[in-house]
Number of protein chains: 2
Amino acid sequence: MGGSLARALKKKFPGVTVAGFARNSRSRQKLQRLGLVDKVSSDLEEVVREADYVVLSLPVYVITEYMQKISKVLKAGCVVFDLGSTKQYIHSQAKRRLPRKVKFIGCHPLCGSEKSGAEFSREDLYRGSVCIMTSSPRSSGTRQVKKMWNQLGATVVFLTPAKHDRLLSSLSHLPHVISFCLTSCTPLTYAVQFPKSLKELTRISGSPPQVWAEIFLSNKNFLLQDIRKFREELDRAAQLISRGRQEELGKWIRKANSRHAAIQQG
Amino acid sequence: MGGSLARALKKKFPGVTVAGFARNSRSRQKLQRLGLVDKVSSDLEEVVREADYVVLSLPVYVITEYMQKISKVLKAGCVVFDLGSTKQYIHSQAKRRLPRKVKFIGCHPLCGSEKSGAEFSREDLYRGSVCIMTSSPRSSGTRQVKKMWNQLGATVVFLTPAKHDRLLSSLSHLPHVISFCLTSCTPLTYAVQFPKSLKELTRISGSPPQVWAEIFLSNKNFLLQDIRKFREELDRAAQLISRGRQEELGKWIRKANSRHAAIQQG
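Since the structure is predicted, the reported quantities are computational estimates derived from the model, not experimental observations. (Residues numbered from 1 in each chain as written. Chains lettered and ligands numbered in written order. Predicted model: local features only at pLDDT ≥ 70, side-chain atom pairs only at ≥ 80, totals over all residues.)

1. Brief notes about the pairing of strand β7 (residues 155-158) of chain A
All names here are of chain A. In terms of strand pairing, strand β6 (residues 130-133) meets β7 through four bridges, oriented parallel. Following the sheet pairing, Met133 is matched in β7 by Phe158. In this fold, β6 hands off to helix α6 (residues 140-151), which returns the chain to β7; that crossover is right-handed. (Pairing = 2+ DSSP bridges. Helix = DSSP H or I, 4+ residues; strand = E, 2+ residues; numbered from the N terminus. Right-handed = clockwise from strand over helix to strand, strands pointing away.)

2. Some points on the packing of helix α4 (residues 60-70) of chain A against helix α5 (residues 88-97) of chain A
Residues and elements named next belong to chain A. Packing of α4 against α5 leaves a shortest axis separation of 9 Å and a crossing angle of 10°. Between α4 and α5, the crossing angle belongs to the class labelled roughly parallel. Judged by residue contacts, Val60, Ile63, Thr64, Met67 and Gln68 of α4 engage Tyr89, Ile90, Gln93, Ala94 and Arg97 from α5. Tallied by class, the residues present in the contact of α4 with α5 amount to six nonpolar, three polar and one charged. (Axes fitted to C-alpha atoms, helices over the stretch in contact; angles between N-to-C directions. Parallel < 35°, antiparallel > 145°, perpendicular 65-115°, else oblique. Contact = placed C-beta atoms within 7 Å. Nonpolar A, V, L, I, M, F, W, Y, C, P; charged D, E, K, R; others polar.)

3. Let's talk about the sheet that holds β7 of chain A
All names here are of chain A. If you trace the five strands from one edge of the open sheet to the other, you get β3-β4-β5-β6-β7, paired in mixed fashion. Two strands bound the open sheet, and with one partner strand each, they are β3 (53-56) and β7. Averaged over all pairs of adjacent strands, the angle between their axes in this sheet comes to 30°, without regard to strand direction. Bridge analysis of strand β5 (residues 103-109) against β6 gives three bridges, and the strand direction is antiparallel. Paired with Pro109 across the strands is Cys131, a residue of β6.

4. With respect to the domain arrangement of chain A
Residues and elements named next belong to chain A. Taken domain by domain, chain A comprises domain 1 (2-159) and domain 2 (164-265). Distance from the C-alpha centre of domain 1 to the C-alpha centre of domain 2: 31 Å. Counting residues at the interface gives 14 residues for domain 1 and 15 residues for domain 2. Of all the secondary-structure elements, those providing two or more residues to the side of domain 1 that touches domain 2 are α4 and α5. Here the side of domain 1 that touches domain 2 is composed, by residue class, of six nonpolar, six polar and two charged. (Domains from an automatic or database assignment.)

Shown next, in the form of structure tokens:
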């Protein structure tokens, strides 16, 4: 997501200098080779000291660690925004860790894929996408960042951090838990090819471990609620099957059919 | 699936007469309008009396009902095959319900989609697909039907009915239960668009109620085993999340990642 943003910014705003931070020389070389950034350094202070905007594109807990690391170096008026997938924890930490002279703006672009790494970055990733912003729509920093997303072709939706986390638990975090579970219990047989439906259900189980462990843990309460709800639904299905309740099973599926249409079109 | 088979047969074997059975006039008109069959009738005996091959493309329990209905009319040497998604029950009923003068061959083409109905039929559905056959590979009826699948571009894999049902429970029936459950507990909000991953996980929850209720019930024992296994995995995930076990969660996801690769490529 960060790599795609760098590409999109360089394309849309050729006058802007995009600087990247990479700890080890291999990542630095990769960023340079791919032409993602104008300059790249392993010196964090050097990268952010003069920045007007700082983008934190990292796993959730690492985002908050980096807030601490850059807090002393940022210039006054700097706009810091993140691309993290949970928002309550990040906002609470931004308040504690970033100085008041900078503006923190929470962003969560709803795009990206299960593939992570600069080599999968795409200049057009944000075109036609939706970005959720979780800071007050009225602050000047929010307006600046919103304008950037719009210029990159994304639509912005405002939600409070709590509403964001509640919604994303159901729409994204629970589906990821389910996908990891399904992959974990699928027999790796080669008797026949895996059906398309199974491949679709397990595609996101290729998502990166650290990123998703930190999403699950930083949205624990909502996610555990959703897992419980899903489990109740599963138990209900198992009961109907075990008791041979054909008519009720049919009704249950029919109800899912009508909700299915809303999800596929929405 | 039946409609696509009719289309494929008419295309590949222009000399063959394909006759369709449809109970009500609306379905008859649809089959005629779509040009799926050479003739269509609501008189079951008329449709099957002279048939060399009879294809039963219906929900599992309905397949076995129709075995009973046609058993008195079929001519000697007729090859009856089905396209049903569970096989133990169908084979057991074929033994009881069909006369010994006809050959019953169990088939399960692994294609099709969540959309049912003649209007979604495709002449090329079977090209490049896999068809599982669950009758003895050595019988003459099996060889004839296998040849037909091969001529339509499908690869045939032989499994016993029990192995078929065991495997399909994990690869297809459990994923469908999960997809219905997920759709049932997804909030139908329009705050943001539904993520691609959620759409993928819920696509098959648009599958037809009767077909799937009958699949679940006719494969009850294996399916309940698989639901239990999935539930244990889900409980394990919930426990790791609830206890904040970041490292173990990461390991669990990493393990899923490696299995994911095998599924996506297999």
